Amino acid sequence: MLHIKCPHCGMRSQNEFSYGGDASVKRPQLGSEVSDQDWDNFVYNRKSLRGKHWELWQHLSGCRQWIKVERDTATHEIFKTLKASEEIS
Amino acid sequence: MQKYSVFSLVKNALSNHENWDLAWKDPTPKKEYDVVIIGGGGHGLATAYYLAKEHNITNVAIIEKGWIGGGNVGRNTTIIRSNYMHDDNALFSEFGMDLWRKMSQDLNYNVMFSPRGIINLAHSDAQMNIYARRGNSMRLNGIDAVLLNREQVQEIIPMADFSENVRFPIFGGLMQPSAGTARHDAVAWGYARQADSMGVDIIQNCEVIGFDISAGKINGVRTSRGDIKAKKIGLCVAGSTNILAEKLNMTLPIETHLLQACVSEPVKPVLDKVVTFGAGHFYISQSDKGEMVMGGDLDGYNSYAQRGNLPTLQHVLTEGIAMMPFLSKLKMLRTWGGIMDMSMDGSPIIDKTHIEGLYLNCGWCYGGFKATPASGWTFAHTIAQDRVHDLNAGYSLNRFNTGYLLDEKGLGTKTWIS
């Protein structure tokens, strides 16, 4: 089982969280001209690589906040967690 | 090639089974092939077989990082079905059912195809309506479907929980009588043996390091066993699709996720159908050895681990026990996990790419095993003719761009969120 350190609540078990996918994906700017390809990349296309992966989780059975987690997709090692508002460094 | 039959079995028994021919060779890679298939799983082996058989292209290599049949074809729950509603999925899968029925004869290899039927259980009136609609769609496409009421289901699977006061009472179910199971390893080995006998080189322990592309054309592949030239290369690597896509500078509508399965200790014959739970995600059948073969949800987050986490297994088996309470008495024999190429609409991709000579076969989600023959057949056609067949026209790569999604379950994008 994963143990995820919620930046608001501390270390909690995976059961309290739900997954939200790749956190590095950015929605195209509102009001700007967006090509089909840009929408494609935002909605569908993903790198999904083996190794370090920044992803969104929601502490659903806890503080209900969305957070960012850097996890290894092969070993499940978790390196870093951030609040949703914090930029990935 | 030695033909397998009862006579060859008797003959070899007399010499203590020491004189069987090798089922396939272990060649060193040549410098150049007409077609290179990357990935020695079920789909890759089937593709090579149909390239040779249907298109007479035998100067073909299959290159495989590990050993053939060691990925998802060696670790699935062996279910074969075509109970789809949408035309593209239904016609493709039903074409595959025909290949399954003939496969043991065709390959001279007993794949133990067992068309025992699959029942999807319904747990509400609304779900019965949905199943009636799906069943009608199936029948319009020439696929057998039978809508069962509660009593009919009870007659077929009396061991399920038919008590009145359960959270998800059984209202009925949709059965496809011609669906079933097959011996998964035999499928890989049967295709490998026949492909090899027609001249295909099966090259194992050969990892793809990079690709040789110039002016938008593929020229070859760089591997751990040297460079191999080919004008046509087919990708059939399931859960490793994203890794190879990165080497090709492609970003695909695919995420790599982990799916677990498990088997119980073997017990006496109790279940002669494949049954799925309709209020969650759980499916079960009984193997010839007597083990209950079970599976369900993805672990739910991107993973290349090839081994699962316990919370998902607990969740899946809770559903199983809700459906068939006797399962709680069984000991678990084995659990395992495989990595799935989850596409964003839940349907696969068999298509050409923007790189000339590079062909893509991926996105099989949970349903790769049953698709093995149809996938190999259509992918071989796509590679040999350099154009898609009608059967896989709906499985295009650009459908995510054009909006012609093939969303069987109506889940929208990110099928892992359900």
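One can find the structure itself at the top, above this paragraph.
Residues numbered from 1 in each chain as written. Chains lettered and ligands numbered in written order. Predicted model: local features only at pLDDT ≥ 70, side-chain atom pairs only at ≥ 80, totals over all residues. Heavy atoms only, no water.

1. Topic: the sheet that holds strand S15 (residues 292–302) of chain B
Residue and element names in this part refer to chain B. The strand order across the open sheet formed by eight strands is S5-S6-S4-S13-S14-S15-S12-S16, and the pairing between neighbours is mixed. Lying at the two open borders of the sheet, with one neighbouring strand each, are strand S5 (146–149) and strand S16 (332–343). The sheet shows a mean angle of 25 degrees between the axes of neighbouring strands, direction not considered. Alignment of strand S4 (residues 118–122) against strand S13 (residues 274–277), held across three bridges, turns out to be parallel. Paired with Asn120 across the two strands is Thr276, which belongs to S13. Along the sheet face, helix H4 (residues 125–140) touches S4, S5 and strand S6 (172–176) and points at about 15 degrees away from the line of S6. (Pairing = 2+ DSSP bridges. Helix = DSSP H or I, 4+ residues; strand = E, 2+ residues; numbered from the N terminus. Axes fitted to C-alpha atoms, helices over the stretch in contact; angles between N-to-C directions. Contact = heavy atoms within 4.5 Å.)

2. A closer look at the interface of chain A and chain B
Residue-level contacts link 24 residues of chain A with 27 residues of chain B. Taken over both partners, the interface formed by chain A and chain B buries close to 2,300 Å², and the fraction arising from carbon and sulfur atoms is 52%. For the interface between chain A and chain B, the tally reads one salt bridge. A salt bridge links Arg46 of chain A to Glu255 of chain B; its shortest N-O distance comes to 3.9 Å. Listed by contribution, the elements that provide at least two residues to the side of chain A that touches chain B are strand S3 (18–22), helix H1 (36–43) and strand S4 (52–58) of chain A. When its residues are assigned to classes, the side of chain A that touches chain B shows eight nonpolar, ten polar and six charged. (Buried area = accessible area lost by both parts, 1.4 Å probe. Salt bridge = Lys/Arg side-chain N within 4 Å of Asp/Glu carboxyl O. Nonpolar A, V, L, I, M, F, W, Y, C, P; charged D, E, K, R; others polar.)

3. A short note on empty space enclosed by the protein
All names here are of chain B. For the structure shown, the criterion picks out three cavities of 30 Å³ or more. Of the pockets and cavities examined, the largest cavity occupies roughly 40 Å³. For the largest cavity, the full set of lining residues is Gln260, Ala261, Cys262, Met294, Gly295, Gly296, Asp297, Thr312, Leu313 and Val316. Only strand S12 (254–264), S15 and helix H8 (310–323) provide two or more residues apiece to the lining of the largest cavity. The element contributing the most residues to the lining of the largest cavity is S15, with four residues. Each residue belonging to the lining of the largest cavity can be placed in one class, and the counts come to five nonpolar, four polar and one charged. (1 Å grid on protein atoms, 1.4 Å probe; cavity = no way out; pocket = protein on both sides within 12 Å on 5 of 7 lines; lining within 4 Å. Points joined across faces, edges and corners; volume = space filled by probe spheres on them.)

4. Some words on a nonpolar patch on the surface
Residues and elements named next belong to chain B. There is a patch of nonpolar side chains on the surface, built from Val6, Phe7, Val10 and Leu14 and spanning about 490 Å² of accessible area. Positionally, Phe7 belongs in helix H1 (residues 6–14). The exposure class of Phe7 is exposed, given its relative accessible area of 69%. (Patch = residues over 30% accessible without salt bridge, like charges linked within 9 Å, V, L, I, M, F, W, Y side chains within 5 Å. Areas by Shrake-Rupley, 256 points an atom, 1.4 Å probe, with all protein chains shown as cover. Buried < 20%, exposed > 50% of the residue type's maximum accessible area, 1.4 Å probe, protein only.)

5. Brief notes about the side chain of Thr223 of chain B
All names here are of chain B. Within the secondary structure, Thr223 sits in strand S10 (residues 217–223). Using a relative accessible area of 6% as the deciding quantity, one classes Thr223 as buried. A distance of 2.9 Å separates the side chain of Thr223 from the backbone nitrogen of Arg225, its partner in a polar contact. Of the polar contacts made by the side chain of Thr223, one reaches the backbone oxygen of Gly226; its length is 2.6 Å. Aside from chain neighbours lying at most four places away, what touches Thr223 is Ile63, Cys206, Glu207, Val208, Ile209 and Ile228. (Polar contact = N/O pair within 3.5 Å; in protein donor to acceptor, adjacent residues only side chain to side chain.)

6. Comments concerning the sheet that holds S3 of chain A
Residue and element names in this part refer to chain A. Taken in spatial order, the four strands line up as S3-S4-S5-S6 in an open sheet, and their pairing is antiparallel. Every other strand in the sheet has two partners, leaving S3 and strand S6 (78–83) as the edge strands with one partner each. Mean inter-strand twist for the sheet, computed between neighbouring axes without regard to direction, equals 30 degrees. Pairing between strand S5 (residues 66–72) and S6: five bridges, direction antiparallel. Looking at S6, one finds that Ile67 is bridged to Lys83.

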